[in-house]
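So you can see what is in the structure, the chains are spelled out below.
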Amino acid sequence: MTDEGQGPDEATPAEATPDAAAEEHRPDGLDLARAAARAAAANPGGSPARRRTSSSFRKRTRTTSSGARPDDRDPQLLEQAMGRLIANHGWEVDLRVQGVFGRWAELVGSEVADHCTPESFDDGRLVVRTDSTAWATQLKLLAPSIVRRLNEDLGHGTVTVIEVLGPHLPSWTKGRLSSRDGRGPRDTYG
């Protein structure tokens, strides 16, 4: 017995039973639409059931402030946000010192900057490496004026001493002409 009056969109009595929901889902979604229509007809005037999504599991907090006054949720300028981040972590002095490293040629002059470079800064001690012993001597003579100039830029007492290191020299402790108990190259000079 076939029922010619029913189209493919109409429900048969077997589909209308509650066991029909346990049946397989139809790819065209018609079964879901029928279930939603039945639920709406059973609860007229009520709000439709909403599916729970991951956003509905989040805990929502209510604030007592209105949107009329500025608060932390408002968009912030990048400069203000970075300023707060730097202040909260105590990075002010470190950033200023790194700025000095970047402007070294401007602060000490291009001729001095060509022959010496800052290596590190820790607890008020600035370590500077020179490319020759002559420039190491020259920088030791210029150290008080450089300390004064850096403290003008960084704040009083930031740099207390400049440690001047000479160039990286080869080691005479190894090689073909070394001796185990010898004094090194000084043996031949005097």
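Predicted model only: the values in this text are computed from it and were never measured.

Draft legend 1. Representation of the overall build of the chain in the model. Along its length, the chain carries six helices and three strands. Each helix and strand of the chain, ordered N terminal to C terminal, gives the series α-α-α-α-α-β-β-α-β. The proportion of buried residues among the 190 residues of the chain is 18%. Of all intrachain contacts in the chain linking residues separated by at least 6 positions in sequence, the fraction that spans at least 24 positions is 47%.

Draft legend 2. Seen up close, the packing of helix α3 (residues 92–102) against helix α6 (residues 133–154). As a packed pair, α3 and α6 sit with axes 10 Å apart at the nearest point and diverge in direction by 130°. Relative to α6, the element α3 is oriented oblique. Crossing of α3 against α6: the hand is right-handed. Facing Arg96, Val97 and Val100 of α3, the residues of α6 in contact are Leu150, Asp153 and Leu154.

Draft legend 3. Structural view of the sheet that holds strand β2 (residues 125–130). A sheet is described by the order of its strands in space; here three strands give the open sequence β1-β2-β3, paired in mixed fashion. Two strands lie at the open edges of the sheet, namely β1 (116–122) and β3 (161–165), each paired on one side alone. Sheet twist, expressed as the average angle between the axes of neighbouring strands with direction ignored, equals 25°. Bridge count between β1 and β2: six bridges; the pairing is antiparallel. When the bridges of β2 are listed, Asp122 appears paired with Arg125. Lying over the sheet, α3 contacts β1 and β2, oriented at roughly 175° with respect to β1.

Draft legend 4. Focus on helix α2 (residues 78–89). The terminal C-alpha atoms of α2, which comprises twelve residues, lie 17 Å apart, in line with the 16 Å expected from a rise of 1.5 Å per residue. One or two steps after α2, the chain reaches Gly90, where phi turns positive at roughly 70°.

Draft legend 5. Representation of the pairing of β2 in the model. For β2, the buried fraction is high: five of the six residues fall into the buried class. In this antiparallel pair of consecutive strands, β1 and β2, the connection spans two residues, and Asp123 shows a positive phi of 55°. The pairing of β2 with β3 spans five bridges and is classified as parallel. Within β3, the position partnered with Val127 by the bridge is Glu163. Crossover connection from β2 via α6 to parallel β3: handedness right-handed.

What counts, and where the lines are drawn
- Residues numbered from 1 in each chain as written.
- Predicted model: local features only at pLDDT ≥ 70, side-chain atom pairs only at ≥ 80, totals over all residues.
- Heavy atoms only, no water.
- Helix = DSSP H or I, 4+ residues; strand = E, 2+ residues; numbered from the N terminus.
- Buried < 20%, exposed > 50% of the residue type's maximum accessible area, 1.4 Å probe, protein only.
- Contact = heavy atoms within 4.5 Å.
- Axes fitted to C-alpha atoms, helices over the stretch in contact; angles between N-to-C directions.
- Parallel < 35°, antiparallel > 145°, perpendicular 65-115°, else oblique.
- Left-handed = near helix turned anticlockwise from the far one by under 90°.
- Pairing = 2+ DSSP bridges.
- Expected span 1.5 Å × (residues − 1).
- Right-handed = clockwise from strand over helix to strand, strands pointing away.

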